[in-house]
Amino acid sequence: MNNGTDPTGKIKYRGVRVRPWGKYAAEIRDSGRGGARVWLGTFNSAVEAARAYDKAAYEMRGHLAILNFPREYNMPDTSSHFYSATSSSSASSLQENGSEAKEVFEFEYLDDTVLEELLDYEVKRKNGDR
C-alpha cells in the first residue's frame, strides 16, 4: 500500500501514528532525557511523518539509528526490526552527557575458526602468554 499502512491498516513506520481525523503524527523517544517523548509534528502523509522521525533519529543516534528509510542516509536496511552486524569495522559512540563512552564492535561472520582464534587470543592475553 502506498499510504504507509500494511494490509491490516496499521501504520508500518517507526515513530508514526495516525490521528482520528486522518493526519499522521510523528514523535521519538529521547534516551538522553530518560525516554521522554519529543514531538516532531503532524503531517499529511505517513511518509512525511516517517521522514521527520528519521531525521530526528539520525540527529540523535547517528549511524546507530534505526530508520524507516535507511537508504536515504546511506545505511544498511534495518526494516527487519533487529540489529544485524554486517560490517567488519569498529565504531565508537560518545555519549553527550559527558559520561564514559561506549565502544561498539561490529563483526562480519566468516567461519568458526576466526571466532576460535579471537577467543584463544583473549585467553592467552589474559594469562600473559601472548
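Residues numbered from 1 in each chain as written. Predicted model: local features only at pLDDT ≥ 70, side-chain atom pairs only at ≥ 80, totals over all residues. Heavy atoms only, no water.

By the naming in an unreviewed UniProt entry, the protein is AP2/ERF domain-containing protein, taken from Lithospermum erythrorhizon. As recorded by UniProt, the Subcellular location (unreviewed entry) comment attached to the protein reads in full: "Nucleus". (UniProt positions renumbered as here; feature names shortened; annotations may be inferred.)

J.: Where do I start with the overall build of the protein in this structure?
T.: A count of helices and strands for the protein gives two helices and five strands. Listed N to C, the secondary structure of the protein is β-β-β-α-β-β-α in terms of helices and strands. In the protein, which comprises 130 residues, the share counted as buried stands at 22%. Sequence separation of at least 24 residues holds for 21% of the intrachain contacts in the protein that already meet a minimum separation of 6. A total accessible area of about 9800 Å² is found for the protein, and carbon and sulfur atoms account for 51% of it. (Helix = DSSP H or I, 4+ residues; strand = E, 2+ residues; numbered from the N terminus. Buried < 20%, exposed > 50% of the residue type's maximum accessible area, 1.4 Å probe, protein only. Contact = heavy atoms within 4.5 Å. Areas by Shrake-Rupley, 256 points an atom, 1.4 Å probe, with all protein chains shown as cover.)

J.: Honestly, the side chain of aspartate 30 in this entry has me stumped. Any pointers?
T.: Within the secondary structure, aspartate 30 sits in strand 2 (residues 24–30). Assessed through its relative accessible area of 16%, aspartate 30 is described here as buried. Once you skip the residues sitting within four places of it in the chain, aspartate 30 turns out to touch Gly35, Ala36, Val38 and Met60.

J.: Hey, could you run me through the pairing of strand 2 in this one?
T.: Successive side chains on a regular strand alternate, one facing one side of the sheet and the next facing the other. Along strand 2, six of the seven residues are buried, which leaves the element largely enclosed by surrounding structure. Taking the residues that link successive antiparallel strands as the turn, the strand 1 (residues 16–18)-strand 2 hairpin has five residues, and the phi of glycine 22 there is positive, at about 100 degrees. Pairing analysis gives seven bridges linking strand 2 to strand 3 (residues 36–43), with the strands arranged antiparallel. Residue pairing in the sheet places glutamate 27 in a bridge with tryptophan 39 of strand 3. Taking the residues that link successive antiparallel strands as the turn, the strand 2-strand 3 hairpin has five residues, and the phi of glycine 34 there is positive, at about 70 degrees. (Pairing = 2+ DSSP bridges.)

J.: Hey, could you run me through the sheet that holds strand 3 in this one?
T.: Sheet strands line up and pair through hydrogen bonds in the backbone, either parallel or antiparallel. Reading across from one edge, 1-2-3 is the order of the three strands in this open sheet, with antiparallel pairing throughout. Of all the strands in the sheet, just strand 1 and strand 3 have a single pairing partner and so form its edges. Ignoring strand direction, the axes of neighbouring strands in this sheet form an average angle of 30 degrees. Running at roughly 15 degrees to strand 2, helix 1 (residues 46–61) makes contact with strand 1, strand 2 and strand 3 of the sheet. (Axes fitted to C-alpha atoms, helices over the stretch in contact; angles between N-to-C directions.)

J.: What is the right way to look at the packing of aromatic side chains in this model?
T.: Both the distance between ring centres and the angle between the ring planes are used here to describe each pair of aromatic rings. If you walk through the whole model with that rule in mind, you get two aromatic pairs. Taking the centre distance of 5.4 Å and the plane angle of 45 degrees together, the rings of tyrosine 13 and phenylalanine 69 count as tilted. With a gap of 56 residues between them, tyrosine 13 in the segment before strand 1 and phenylalanine 69 in the loop between helix 1 and strand 4 (90–93) connect regions that are remote in the sequence. Judged on exposure class, the residue tyrosine 13 and its partner phenylalanine 69 are both buried. (Phe/Tyr/Trp six-rings, centres within 6.5 Å; stacked < 30°, edge-to-face > 60°.)

J.: I'm lost on the pattern of salt bridges in this one. Help?
T.: Side-chain pairs of opposite charge can arise where the charged atoms are in close proximity. Summed over all chains, the structure comprises five salt bridges. Between arginine 33 and aspartate 30 there is a salt bridge, with the nearest N and O atoms lying 3.9 Å from each other. Linking glutamate 72 and arginine 51 is a salt bridge whose minimum nitrogen-to-oxygen distance equals 2.6 Å. Residue glutamate 72 is found in the loop between helix 1 and strand 4, and its partner arginine 51 is found in helix 1; the two are separated by 21 residues along the sequence. Glutamate 72 gets classed as partly exposed once you look at its relative accessible area, which sits at 43%. In this structure arginine 51 comes out as partly exposed when scored by relative accessible area, which is 39%. The network of salt bridges with shared partners includes Arg17, Glu27 and Arg37. (Salt bridge = Lys/Arg side-chain N within 4 Å of Asp/Glu carboxyl O.)

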